Amino acid sequence: MSPELGLIIAPRTTYAALVRLPAHASFLLALRRPLLVAIVLGVSVAISATHAVNPLLVASTTIAWSYVVALQMAIALPLVAGPSRRTVGLPRALDLFFAGHAPWSLFALLVAAWGLATSTESIWPIVAAALLPCALTARIVHAFFREVLALDAAAALRRTVTQQALTWAIVVAINWAASAFTPRLIELGRQL
């Protein structure tokens, strides 16, 4: 079984096994999983937006949406590099952290497939389905802090809450700005 699927099923057990494997990770190797996440995002967005996939479209969409992975790296880096009894070096820790992206990568691909297979305009099935990767990711992140950084339960919980809160705050802020939500609220207030 791949490490990514193992993390979905049994994150603590999988991370405990992964940190025991001998591995020399350079910072270049540490970028392999973030790059894979960016490509999955590029493929998913390309399919969702155009119902087509070709190398140029995937490359341009991957580049355009790579800021998402860069933001995830910016959030993870201080939490991973911070004080801990880390069981592996920083490059390997970052690689293992991004292995935990599997629930969202699978979700993105399933949403793209859903868009191809259905003609429904309702987003509620997608919103409901998003609860699963939300829960799985929090569980995986907590297991990462416990097993890879060897933090006690309370410290792992604090870092998990911090990572999740920062991630969701940025997601909301970007979507708020992209949808011009503030001017819409002001206009709504004027109408009342």
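The model shown is predicted, which means the values in this text are computed figures rather than measured ones.

Student: How would you summarise the nonpolar core if you had to cite specific residues and measurements?
Tutor: Grouped together as the largest cluster of nonpolar side chains are 34 residues, with contacts concentrated most on Tyr 15, Val 80, Leu 96, Phe 144, Phe 145 and Val 148. Looking at this core, the element that brings in the most residues is helix H5 (residues 90-99), giving 7 residues. Aside from chain neighbours lying at most four places away, what touches Val 80 is Arg 86, Leu 90, Ala 93, Leu 94, Phe 97, Phe 144 and Leu 149.

Student: Report on the packing of helix H3 (residues 32-50) against helix H6 (residues 102-117), specifying residues and quantitative values.
Tutor: For the pair H3 and H6, interaxial distance at closest approach is 8 Å and the crossing angle is 15°. Considered as vectors, H3 and H6 are oriented roughly parallel to each other. Note on packing geometry: the crossing formed by H3 with H6 is left-handed. Of H6, the residues touching H3 (which contributes Val 37, Val 40, Val 43, Ser 44, Ile 47 and Ser 48) are Ser 105, Ala 108, Leu 109, Ala 112 and Leu 116. Here the contact of H3 with H6 is built from residues that sort into 8 nonpolar, 3 polar and no charged.

How each quantity is defined
Residues numbered from 1 in each chain as written. Predicted model: local features only at pLDDT ≥ 70, side-chain atom pairs only at ≥ 80, totals over all residues. Heavy atoms only, no water. Core = buried A, V, L, I, M, F, W, Y, C linked by side-chain atoms within 4.5 Å. Buried < 20%, exposed > 50% of the residue type's maximum accessible area, 1.4 Å probe, protein only. Helix = DSSP H or I, 4+ residues; strand = E, 2+ residues; numbered from the N terminus. Contact = heavy atoms within 4.5 Å. Axes fitted to C-alpha atoms, helices over the stretch in contact; angles between N-to-C directions. Parallel < 35°, antiparallel > 145°, perpendicular 65-115°, else oblique. Left-handed = near helix turned anticlockwise from the far one by under 90°. Nonpolar A, V, L, I, M, F, W, Y, C, P; charged D, E, K, R; others polar.

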